[in-house]
Amino acid sequence: MEPLINILIEFLVMSNWTTEKSLQAYNIGKWGEGYFNVSATGHLVVDAANNKPAIDLHRVAELARQSESITTPAGTLSRHLTQPGR
């Protein structure tokens, strides 16, 4: 029964979690001279403060996961190269 109690306690603690708590717990304000923040949805974002929308890193990861390949300055990564067992 103890594992169930631990799960319930963790759920209760996390259900009271806020964006402000994330900012404080992870000291995000000190990351990269203020370029990182937590959005209202709780996602880590990069904000270059150049009057453009912040970049949601969770969304970037989702798009990368859905792509067949990713082009970077170092070259192109194909999905078949990054999948386990290949």
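Just above sits the structure.
A quick note: this is a predicted structure, and the numbers were derived from the prediction, not measured.

About the criteria used
- Sequence order as written defines the numbering, with residues in each chain counted from 1.
- Per-residue local features are limited, in this predicted model, to residues with pLDDT of at least 70; the limit for side-chain atom pairs, both in listing and counting, is 80 or more; totals at the level of whole chains, interfaces and linings are taken over all residues.
- Neither water nor hydrogens contribute to the side-chain values; these are computed over all heavy atoms in the structure.
- By definition, any uninterrupted DSSP run of H or I lasting at least four residues is a helix, any uninterrupted run of E lasting at least two residues is a strand, and each is numbered from the N terminus.
- Note on contacts: a residue pair qualifies if any of its non-hydrogen atoms lie within 4.5 Å across the two residues.
- Methods summary: accessible areas were calculated by the Shrake-Rupley approach with a probe of 1.4 Å, and residue burial reflects only the protein chains presented.
- Two strands make a pair as long as DSSP finds a minimum of two bridges between them.

## Description of the overall build of the protein
A count of helical and extended segments in the protein gives 4 helices and 5 strands. Secondary structure elements of the protein, listed N to C terminal, follow the sequence α-α-β-β-β-α-β-β-α. Considering only residue pairs separated by 6 or more positions, the protein has 0% of its internal contacts joining residues 24 or more positions apart. Per element, the accessible surface of the protein, about 7300 Å² overall, is 59% carbon and sulfur.

## What about the sheet that holds strand β3 (residues 55–56)?
Note on sheets: strands pair through backbone hydrogen bonds, and any given pair is parallel or antiparallel. Strand order in the open sheet made by the 3 strands is β1-β2-β3, with antiparallel pairing throughout. The sheet terminates laterally at β1 (36–38) and β3, the two strands that pair on one side only. Bridge analysis of β1 against strand β2 (residues 44–46) gives 3 bridges, and the strand direction is antiparallel. Residue pairing in the sheet places Asn37 in a bridge with Val45 of β2.

Read these as spatial facts, not as claims about activity.
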